[in-house]
Structure formats: structure tokens, C-alpha cells
Amino acid sequence: MRIGWYINRLRSMSPAEILHRLGEHRRKVVSKRRDDGWQRYGSPQLHPVFRSLRDVVQANATADQRQAITTAVAGTLEGRFSALGRSWPPRDPHRLFPPEIWRLDPVSGTLWPGPEVHAFDVDFRSAGDRGDIKYVWEFNRLQQLPPLAAQWMLCGDAKCLAAIEAAIDSWHAANPPFRGVAWASGIEVALRAISLIVTLDIAGDKMATATCGRIGEILAASAHWLPRFPSRFSSANNHLVAELAGEYLISLAFGAESVSVRGALVAEVDRQILADGAGAEQTPTYAAFTAELILLCATAARQAGSPFPASVDARLAAFAEFAGWLPARAGGFGDDDEGRALTLGDEPDYVRSVAAAIHGYLGMAGDAPAPDDFRALFFGVPSRPVPAPEGLRTFAQGGLSVWHGTMNGRRVDLTFDHGPLGYLSIAAHGHADALSLTLCIDDQPVLVDPGTWLYGSGREWRNWFRSTPAHNTLNIEGQSQSIISGPFNWSHKAQAALVESQDGVPWKVSASHDGYKARFGVVHQRTVTGEVGGILVTDQLLGGGRTAEIVFQLATGLAASLDGSTVRVSRGDETLLTIRFPDGAVDIRAGGDAPGQGGWVSPRFGVRQPASRLAWRGEVGRDGVAIHLAVPPRQ
């Protein structure tokens, strides 16, 4: 492993965390001598966790949901699997789960370490030639199994039951406890356990006794792993929520709710879902992932007759309201690695699906999920629809302002990010995107967040997609507001602040950040104002004049043409937006062989596409630079 990773991470640690890491290392050394091998983990008696799940699936599945499950399961039974923008090599339907499948990287075609290597010796942070560890872990989450169980329940298809048993038996044989890549991360241990518990609650009484025993052994080994090596201090983000959720649900499966784990999980709700509903990690998809995990545990607790406190429901409801204000097709911001707890595979709008599930669980009004939504099968649907949000809403704690309205007869949705970089000392999943905008017109993305691309194997591209120059904001000398010091770390964090939020006519939002103050002696302030038929964006550098670059990243499929000082943004022959700059010093480029040569967007993890990046360069000072975004009538 690269020594630089340790050095940069150490700089972000408090003395208490350093002591914790030393203790963790000592526990790992001891564990390597004693904790591997199935013989240590006998299968306990297992109890239902989601007690009404089978009846709910059988009674409430709609025709659309049944078809979606059938389609997903057909792919699994045919030996196909896709995730994170990649398809795995097809497998023989008669040998769906060969032992090497659990270690295969579908991009490089190489195998990650197996039982010959202890889990704590697997270097998954330095990718080398193996690729991004996310791909291997995705398959090991066993999230193909709950849909198979649901299909068996709905149709009685014996092939589904056989596939479940084959997967569990193969995984158990190929991945003894604490050996190989599948046991190298707590969040993976937890998500796999959740998949097994859900599968067991739907189809467990029809599975072979030996297979159920293997599930029990996997859960027992997971229960040993999770409390001993928790994500704490700078790592205590969504990983910790997943670990606690797995540990809590395992305790219910073993027949005795863990009061301590329940208390820790409830405490994390208030830390990781802010009072206004935004996620503390500054990424809507990770907030949805956190909310879904909490929702699963709250459901299990309610069915066990020991519901979570009302404060948990209140935070879930707040997140659902926050999600309802996000533009449906704008994409997110910050990292998105498509983490899910329950899934059929690709989901076009995960955040809104989780919000609908929360409203269903709480019996509240909300946006209806898609007709084929798998999650709705477990949690229900909102009691009634709600009207689309209108006007300006500022989520002050989360640091996001959203405006929905009409301009020249067209639906316009805008977001303005004025939140912190991210969560905890390393802000692992945040991007240097303070004062960045996104814009949708008629529910089609026009100005977009660049996305995520890849994690460990992204290398310099990982840095680009997190950088300020990749986002719809101002940068100085191509430098980011916050200074990157590793794939999931920052050595300096810009502090953003809301200056003003004013709804009405005209509406206006103003915010600033200090990311360039130490290096360039200036504070960036941006004001976004609604106009008749458009939006005025004014950028100021308080403290002195500087040559700066102001960027607008377009969505894929859009063309940009410069006429004087005005850029026309179009799809085909239709003009969607015109952007009037102070002068014609505008560079328009898409793609390129190296980061920064042109525009790139990542619509989902593992996918990267060229798209036009508009960059105006000129002098910016206290008086500010005004850029007009005009929305023309439909042609």
C-alpha cells in the first residue's frame, strides 16, 4: 500500500482517532491468529426479522412489479449480471456461481485475493492492475438473492430456489471467515448479511437445511466481525450506518434485539440526516442509502413490537421532503457509487424511490414511485400524491437552495450548492463544488454536476471529477477551493456560508466561500437572481481583483455555439438556453485525453462521456461579473 495514503490520513486524525487506529491494528493482528475458519461459527437458531414480508410480497405485488422482478430474475438465471456501468462475463446457466466469480473484476478480467490471503492483508486501496474493488464487492453483496426469493414466492419457480441455494453454498465454500477480499470491509459484511436475512424471511422455510445452516454461519461470522472493527472517527459515515444496520438486523435474526446497537443506530440518524432533511455527507444518493438502511431497521423494529423513537420517523420524513425538492432528472452532487440495500439493479431515480418508501412506511402523502418500483413492495406507497414544489426553498443546514418555476412557458429547476465540503474530518464523499449550479429545463438536464466516474482505479480522473474546475462555479488558476490530498481526503476545506435567501419576485440567493482566501487573498461570493425569462448569475471576488474562470458544464447530447459574447445551447434544432457572457472570451471543449482538456460527465459510476464545457476567463473583482441565462419560449 502507498505510504502516502497513511501520511495524508494521519494528518486528518485526532489524537483519540490515532489511539483507536492503534487499538484496531492490534485487534486485527490478534484476529489473524484466531478468527478464520467456519469451525468457530456455529449456526444459531434463526428467527424472522421482517415478519410480514412474505405476506406483503404475495398480497401487494402489482403486475408491473411482478414483471420487473421476472425480468431481473431472468437475467440472473441466464448467468448475466450488470452493475456500476459494467456487465460481468456471461456464465453457464448450469453453473451460475463458480468459485472464482466472487473474486472476478469484470473490467480487468483479473482475480482479487481469495482464501489464501487474510482479509486484513488485502490492499484494496491501491488498485494496481486489478481494477476498482467496488466491482468485486458489488457481486459479493448477494443483492441478486432477494429478487430470486420474491420470484419464487410469486411464481413458485423452483429454479429460483435452486439458484439461491447454489449462490449461498458457493459463497460459503469460497469465502471462509476473514479470508479474502469479501471480508475486507465492514460495509460489505453488513450489506451481505442484510441480503441473506431478507432472502431467508421470504423463502427460508423452503430452502435446504444445509443451506440455511450456512446462512447462519455467515451471519454468526458477520456478527463477530462487525462490532470488533467498526468505522469510527473520520470513517464514521454511511459505512457506520450500514455496519450498525447489519449488526442490528443480525441480532433480531438471532432472537434478541441488541439494545446497544439500536441506541448507536438511532444516534447516527441525527448525525447523518440533518434537521432540514439533507444528508451530512453532501451527496443525495448517500443520504438516500443511509435513509434506506435506517428504514429497514425501523421496519424490523416496528414488526418486532419495539418501534424506534418518533425522532427517527421525523428525520426520515425530513429527508423525504428534501428529496421531493430535488429536480427529478438533474442528477446529484458529491459522490454516487449506487449503493443500495434492496434493489433489482439499475434504478433511474433511487433518491425518489427511497423518499416514496419513507412516505409509504409513515402513511404520508408524497410523490408516487415508479409503477415497477421494487422497494415499494416492502414499504408501501404514499397515501396520496402531492403537488410539484414551486418557488424557492433553502435548506440552510444542508447548504442547498432549490428553485422550481416557469419561464417563458417552460418548466425550470435550479439548484445552488452553498453547503460544506462533506462530513467528518476527511469529507470522504464530498466534492469541491461550493457555489455550483445545476439547471433543468422541461425536466431535461442542461447544466449538470460532472458526477463521480471511479473510486480507487480513477486515479487522476478521480481528482478531476471532484475538482472545482469540473463544476459549474468559479475557479482561480485551475485550482480547487478545497485541496485534495487523496482519493477520499482533503488537506484544506473551503467554508461556505449562506448570505441571503429571498423568495418572491424577484427571488434571490447569495452565498460565499473562503477556499481561495489563504492562497489568493479573496473570498468568492455568488448571487443568483430570478429574472423575467431567465436567471442572473453574479460572481464577485471580495478582497481584490483576480483572473478567474467561470464554468458551465453541459449535459451530454447538447450542442453549444458561440456568437459574439453569447452561447446558444441546443438539442438538435431546439434552443434550450442562451448564456450571455461579459465578452467573447469563452472556450468550448468536450472530451480530451487528460483531465482538464475538455468537458466530461459521469452519468453513473463507471461511465464517462464527453460533453461540452463552457469556460469564460477574465478579470473578476468586487464589482463582480454578471452572466445572464435566458430560457427562450418553445420553438
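You'll find the structure just up there.
Bear in mind that the values here come from a model prediction, so they are computed numbers and not experimental data. (Residues numbered from 1 in each chain as written. Predicted model: local features only at pLDDT ≥ 70, side-chain atom pairs only at ≥ 80, totals over all residues. Heavy atoms only, no water.)

### A look at the sheet that holds strand β23 (residues 625–630)
(1) Moving on: Ordered by their spatial adjacency, eight strands build an open sheet running β11-β12-β13-β14-β23-β18-β17-β16, and the pairing between neighbours is antiparallel. The open sheet terminates on both sides in strands that have one partner only, identified here as β11 (496–502) and β16 (559–563). The sheet shows a mean angle of 15° between the axes of neighbouring strands, direction not considered.
(2) Moving on: Inspection of the sheet shows strand β18 (residues 574–580) paired to β23 by three bridges, in the antiparallel sense. Bridging across to β23, Arg580 finds its partner in His628. (Pairing = 2+ DSSP bridges. Helix = DSSP H or I, 4+ residues; strand = E, 2+ residues; numbered from the N terminus. Axes fitted to C-alpha atoms, helices over the stretch in contact; angles between N-to-C directions.)

### Examining the packing of helix α9 (residues 209–228) against helix α10 (residues 238–253)
(1) Moving on: The N-to-C vectors of α9 and α10 enclose an angle of 135°; their axes lie 10 Å apart at closest approach. Between α9 and α10, the interaxial angle falls into the category oblique. Relative to α10, the crossing made by α9 is left-handed. Judged by residue contacts, Leu219, Ser222, Ala223, Leu226 and Pro227 of α9 engage Glu243, Gly246, Glu247 and Ile250 from α10.
(2) Moving on: Its residues placed into classes, the contact of α9 with α10 shows five nonpolar, two polar and two charged. (Parallel < 35°, antiparallel > 145°, perpendicular 65-115°, else oblique. Left-handed = near helix turned anticlockwise from the far one by under 90°. Contact = heavy atoms within 4.5 Å. Nonpolar A, V, L, I, M, F, W, Y, C, P; charged D, E, K, R; others polar.)

### What to know about the pattern of salt bridges
(1) Moving on: Counted under the stated rule, the structure contains 35 salt bridges.
(2) Moving on: The salt bridge involving Asp36 is made with Arg179; its shortest N-O contact spans 3.2 Å. Of this pair, Asp36 sits in the loop between α2 (15–34) and α3 (53–60) while Arg179 sits in the loop between α7 (158–174) and α8 (186–203), placing them 143 residues apart in sequence.
(3) Moving on: According to the relative accessible area criterion, Asp36 is partly exposed, its value standing at 22%.
(4) Moving on: Judged by its relative accessible area of 17%, Arg179 is buried.
(5) Moving on: A network of salt bridges, in which partner residues are shared, links Glu292, Arg340, Glu347 and Arg375. (Salt bridge = Lys/Arg side-chain N within 4 Å of Asp/Glu carboxyl O. Buried < 20%, exposed > 50% of the residue type's maximum accessible area, 1.4 Å probe, protein only.)

### A closer look at α9
(1) Moving on: Given a rise of 1.5 Å per residue, 20 residues ought to cover 28 Å, and the 29 Å separating the end C-alpha atoms of α9 matches this to within 8%.
(2) Moving on: A large share of α9 lies buried, amounting to 14 of its 20 residues. (Expected span 1.5 Å × (residues − 1).)

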